[in-house]
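Architecture at a glance
Next come the chains, spelled out residue by residue.
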Amino acid sequence: MKSLSRWFLYGLIWVSSVANSAELSQVQHDKSSVSFGYKQMGVAMDGKFRKFVAKLNFDPSKPAAANAQIDIDLASIDTGTSEGDEEVAGKQWFNSKAFPSAKFVSTSVKSLGADRFEVAGKLSIKGKSVDAIAPFTFKPQGNVGAFDGTLLIKRLDFAIGEGPWADVSTVANEVQIKFHIVANAAPAAAAPKK
Amino acid sequence: MNTQSLSRYSGAAILIHWLTALLIFVAFPLGKYMHDLPLSPQKLELFSYHKWLGITVLLLFLPRLLVRIAKPPPTALPAPAWQHRAASVTHALLYLLILLVPLSGWLMSSAKGVSVVYLSLVPLPDLVDKNKELGSLLKEFHEALSTGLFVLVALHLAAAIKHHVIDKDGTLRRMLPGRNT
Ligand code: HEM
């Protein structure tokens, strides 16, 4: 009887550790990045955000149950020049004193087949919320997985770049927000380390 | 000097010479002006126009060399030896800077991570990888070289005017369109 209950216990641990490793929920921020691309006078430019906080729960076998949220610290922008960084913090751009962060909250996730998925949600910047959809790929590597996707937005939907900057012939309206998020399963507290 | 016996530069050489002069006369003050503007859409536009003008100067360099090889300049007009020497040195340096000034601008743009798309149509390759320090170093180069070009052009212009107004010889007219005899 004793050995049977032990086997039962092992079984339980095995099931729970599999369940845990399948669902990714711990974002590795040091390995993740959020960058953006846009066109300026027809020239492709890029930049990135140094600080953001991402939260997610994702099991590739149950995409409908997945959710994600990301908060981007707008003051952490890197446009490539300090002049650019200062400019976009201003009232005409992000007005980041009044609106310090951009936030994306998912409403649904679905599979597009193979390693491709799509997340829909609300993107809020500068006091304006817009529905947004981002296709992404998911590449699992053991207990870790990498999400890579792009969110296409129109900056004027959020009044990013007002006044003379609203002229989209110098800075294009279309902006791609590219995310590379690396996450692993929550440490399985119940499972003993081998 | 007899106008009738004046041998001029070839038509192609004259065209490229004045086109280059005109482009430099616009690109130089534009460079100085845009540099001091606060960041604005207008500044971004002017930067692009400046780059296109400068790249055009660079593009004109190759046909210019080919024309010079195909149709060598007319033999020099009589003048003291030191003047001939001074002229050859100035011309050689002008050629060098006409190459280096736009090249340093292109290099700077690459290093600063703002690629050049000529006339908003033709993307030019980046000459170096994005690198902030290199970008500001190249900016110093571009500024110094364009100042050098400005000084040389001023000398060149002063010499041409001196020949025309004081010596009243055909030096300037050789580079002006007209009938060749
Ligand atoms: C004949 C050709 C050119 C001339 C005479 C010229 C001249 C100048 C001058 C006088 C300045 C201002 C320097 C200063 O005071 O700071 C300038 C700035 C600049 N030039 Fe040029 N340039 C030429 C070609 C180019 C080309 C081909 C490019 C790029 C493809 C370029 C890119 C720039 C940039 C980006 C600046 C601004 C630097 C800054 O303020 O950050 N230039 N140029």
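None of these values were measured; they are calculated from a predicted model. (Residues numbered from 1 in each chain as written. Chains lettered and ligands numbered in written order. Predicted model: local features only at pLDDT ≥ 70, side-chain atom pairs only at ≥ 80, totals over all residues. Heavy atoms only, no water.)

**Description of the overall build of chain B**
Operational definition: Under the scheme used here, helices are H or I runs from DSSP no shorter than 4 residues and strands are E runs no shorter than 2 residues, and both carry numbers assigned from the N terminus. Throughout this description, buried means an accessible area under 20% of the type-specific maximum (1.4 Å probe, protein chains only), exposed means over 50%, and partly exposed covers the range between. Two residues form a contact once any of their heavy atoms are found within 4.5 Å. What sets the accessible areas is the Shrake-Rupley method with a 1.4 Å probe; for residues, cover comes only from the shown protein chains. Charge convention: Lys and Arg are scored as positive, Asp and Glu as negative, and His as well as the terminal groups of each chain are ignored. Charge positions are represented by NZ for Lys, CZ for Arg, CG for Asp and CD for Glu.
What chain B contains, in helices and strands, is four helices and two strands. Counting from the amino terminus, chain B carries its helices and strands in the arrangement α-α-α-β-β-α. The buried share of chain B, taken over its 181 residues, is 39%. Here the contacts in chain B between residues at least 6 apart in sequence split such that 72% fall between residues at least 24 apart. Total accessible area on chain B stands at roughly 10,600 Å², and carbon and sulfur atoms take up 72% of it. Counting 17 positive and 9 negative side-chain charges, chain B places the averaged centre of each group 13 Å from the other.

**Structural notes on the packing of helix α1 (residues 11-35) of chain B against helix α2 (residues 41-70) of chain B**
Residue and element names in this part refer to chain B. Stated formally: An axis is simply a line fitted to the C-alpha atoms; with a helix, the fit covers only the stretch in contact. Between two such axes, the angle follows the N-to-C directions and lies from 0 to 180 degrees. An angle below 35 degrees is read as roughly parallel, one above 145 as roughly antiparallel, one from 65 to 115 as roughly perpendicular, and any other as oblique. Take the far helix as your reference; a near helix turned counterclockwise from it by less than a right angle gives a left-handed crossing, and one turned clockwise gives a right-handed crossing. Each residue gets one of three labels, nonpolar for Ala, Val, Leu, Ile, Met, Phe, Trp, Tyr, Cys and Pro, charged for Asp, Glu, Lys and Arg, and polar for the others, Gly among them.
Between α1 and α2, whose axes approach to 9 Å, the crossing angle comes to 155°. The orientation of α1 with respect to α2, classified from their angle, is roughly antiparallel. The chirality of how α1 crosses α2 is left-handed. Residues that form the contact of α1 with α2 fall into these classes: 19 nonpolar, seven polar and two charged.

**Side note on the environment of Val117 of chain B**
Looking at the secondary structure, you find Val117 of chain B in strand β1 (residues 117-118). Sequence spacing of Val117 of chain B and Lys51 of chain B is 66 residues, and the spatial spacing of their C-alpha atoms is 8.9 Å. Those residues in contact with Val117 of chain B that lie beyond four places of it in its chain are Gly42 and Val43 of chain A together with Trp52, Val122 and Pro123 of chain B.

**Description of the site of the ligand**
Residue and element names in this part refer to chain B. Selection rule: One heavy atom within 4 Å of a molecule or strand makes the whole residue count as near it. A 3.5 Å cut-off defines polar contacts: any pair of N or O atoms within that distance qualifies, except that in protein one atom must be a possible hydrogen donor and the other a possible acceptor, and neighbouring residues in sequence count only when both atoms are side-chain atoms.
Lining the immediate surroundings of the ligand are 24 residues, of which Lys32, His35, His50, Lys112 and His142 lie closest. In the model, an oxygen atom of the ligand is placed 2.8 Å from a nitrogen or oxygen of the Lys32 side chain. Between Lys112 and the ligand, the recorded distance is 2.9 Å, taken from a side-chain N or O atom to an oxygen atom. At the level of secondary structure, the elements contributing two or more residues to the shell around the ligand comprise α1, α2, α3 (81-111) and α4 (132-167).

**Focus on the pattern of salt bridges**
Oppositely charged side chains may form a pair once their charged atoms are brought near each other. All names here are of chain A. We count it as follows: Here, a salt bridge means any Lys or Arg side-chain nitrogen found within 4 Å of an Asp or Glu carboxyl oxygen.
Using the criterion set out here, one finds 13 salt bridges over all chains in the structure. Measuring nitrogen to oxygen at the nearest pair gives 3.2 Å for the salt bridge that ties Asp71 to Lys103. Placement of the pair is Asp71 in strand β5 (residues 67-73) and Lys103 in strand β7 (residues 101-113), with a sequence separation of 32 residues. Under the relative-accessibility criterion, Lys103 is labelled partly exposed at 32%. Glu162 is the partner of Lys126 in a salt bridge, and the nearest nitrogen-oxygen pair spans 2.6 Å. In this pair, Lys126 is assigned in the loop between β8 (116-125) and β9 (128-141) and Glu162 in the loop between β10 (144-154) and β11 (171-185), connecting sequence segments 36 residues apart.

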